[in-house]
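Inside the fold
Listed below are the residues making up each chain.
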Amino acid sequence: MQADPTQVAAYERIELALGDITREHVDAIVNAANSALRGGGGVDGAIHRAGGPEIMAECRKIGYCAPGEAVITAAGKLPARFVIHAVGPVWQGGGADEELLLASCHERALELAREHGCRTVAFPAISTGAYGYPARLAAPVALAATNDALIRLPRIEKVRFVFVDEEMRGVFEQALALLEKSA
Ligand code: ADP
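Analysis parameters
- Residues numbered from 1 in each chain as written.
- Predicted model: local features only at pLDDT ≥ 70, side-chain atom pairs only at ≥ 80, totals over all residues.
- Heavy atoms only, no water.
- Helix = DSSP H or I, 4+ residues; strand = E, 2+ residues; numbered from the N terminus.
- Buried < 20%, exposed > 50% of the residue type's maximum accessible area, 1.4 Å probe, protein only.
- Near = heavy atom within 4 Å.
- Polar contact = N/O pair within 3.5 Å; in protein donor to acceptor, adjacent residues only side chain to side chain.
- Nonpolar A, V, L, I, M, F, W, Y, C, P; charged D, E, K, R; others polar.
- Phe/Tyr/Trp six-rings, centres within 6.5 Å; stacked < 30°, edge-to-face > 60°.
- Axes fitted to C-alpha atoms, helices over the stretch in contact; angles between N-to-C directions.
- Parallel < 35°, antiparallel > 145°, perpendicular 65-115°, else oblique.
- Left-handed = near helix turned anticlockwise from the far one by under 90°.
- Contact = heavy atoms within 4.5 Å.
- Core = buried A, V, L, I, M, F, W, Y, C linked by side-chain atoms within 4.5 Å.
- Expected span 1.5 Å × (residues − 1).

This part is about the overall build of the protein chain. Within the protein chain one finds five helices and six strands. Overall, the protein chain shows an N-to-C arrangement of helices and strands of β-β-α-α-β-β-α-β-α-β-α. Reported as C-alpha extents along the three principal axes, the dimensions of the protein chain are approximately 45 × 40 × 25 Å. The buried share of the protein chain, taken over its 183 residues, is 48%.

Structure (structure tokens):
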């Protein structure tokens, strides 16, 4: 018998994995996008390269997404059904609402996923690349926001955070262990 997801603690629905997010077989992958939705380097570039021009065509129509928010498009050639473009904050030292904005882009991404019937979602470590958010500060914020959203969204069964390197996974593992202890 399958476990009833509403009976499972939210943090138990969070997984940490190594790999390339564009290869994830989930309902939606989350892109670390910029406000102009114009693609770029890092995970954003990888998603548009692997997914093909259909994703950018939809992004152009949408045109803009504020930091802390998220928008959704189809996923082109990717194995996922949707790409959710979430805009994290640029790190400016911590005094410019970075924590709030990082938390809210995770929550908005998961709300959008739910509105589109997604049960499984994969996230990269938003803002920790070109946007300069220190990973050890970003990890607890990203995980706590995800945990809070999962409590409110019991139909989302699994959230996978996917990292390209072991070091980043280790940082998130430590933060997840602390979250479990405090739960
Ligand atoms: P941001 O501008 O939000 O900082 P980046 O794309 O520069 O976004 O980086 C976000 C994180 O995504 C970084 O930790 C980077 O190592 C990681 N990343 C880059 N490519 C991929 C990929 N193909 N799959 C998963 N994570 C990736």
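Surrounding the ligand, one finds 16 residues, the nearest of these being Val-43, Ser-127, Thr-128, Gly-129 and Ala-130. A distance of 2.8 Å separates an oxygen atom of the ligand from a polar side-chain atom of Thr-128. Here an oxygen atom of the ligand sits 2.8 Å away from a polar atom, N or O, in the main chain of Ala-130. Ranked by the residues each element gives to the shell around the ligand, the list is headed by helix 1 (residues 42–51), at three residues. Among the residues making up the shell around the ligand, the classes are represented as ten nonpolar, five polar and one charged.

Here we come to the packing of aromatic side chains. Under the definition given, this model contains four aromatic pairs. Ring plane angle 15 degrees and centroid distance 5.3 Å describe the contact between Phe-123 and Phe-161, whose orientation is recorded as stacked. With Phe-123 in strand 5 (residues 120–123) and Phe-161 in strand 6 (residues 158–163), this pair connects stretches of sequence that are 38 residues apart. We note that Phe-123, like Phe-161, is buried.

Take unusual backbone geometry next. Phi is positive for Leu-37, close to 55 degrees, though the residue is something other than glycine. Mapped onto the fold, Leu-37 is located in the loop between strand 2 (28–33) and helix 1. Leu-37 sits in the buried class, given a relative accessible area of 2%. Of note, Asp-97 is a non-glycine position whose phi angle comes to about 65 degrees, a positive value.

At a minimum axis separation of 9 Å, helix 4 (residues 135–152) and helix 5 (residues 166–182) run at an interaxial angle of 50 degrees. One finds that helix 4 runs oblique with respect to helix 5. At the point where helix 4 passes helix 5, the crossing takes the right-handed sense. Residue-level inspection shows Ala-135, Arg-136, Ala-139, Pro-140, Ala-142, Leu-143, Ala-144 and Asn-147 of helix 4 in contact with helix 5, the latter providing Met-168, Val-171, Phe-172, Ala-175, Leu-176 and Leu-179.

What follows is about the nonpolar core. The biggest cluster of nonpolar side chains holds 42 residues, and the ones touching the most others in it are Ile-84, Val-121, Phe-123, Leu-143, Phe-161 and Phe-172. Ranked by size, the runner-up nonpolar core spans 18 residues in total, among them Ile-21, Leu-37, Val-83 and Ala-122.

This brings us to the side chain of Arg-160. Its location among the elements puts Arg-160 in strand 6. Polar contacts involving the side chain of Arg-160 include one to the side chain of Glu-24, which spans 2.6 Å. Those residues in contact with Arg-160 that sit more than four places away from it in its chain are Glu-15, Ala-17, Glu-24, Val-26, Val-121, Ala-122 and Phe-123.

A word on helix 5. Along its 17 residues, helix 5 runs 25 Å from first to last C-alpha, staying within 8% of the 24 Å computed at 1.5 Å per residue. Tucked into the core, helix 5 has its buried residues touching strand 1 (14–18), helix 4 and strand 6. At the N-terminal end of helix 5, a side-chain oxygen is found 3.3 Å from the backbone nitrogen of Glu-167, two or three residues along, and the residue is Asp-165.

Note that every value here comes from positions in space, so none of it alone points to a role or purpose.
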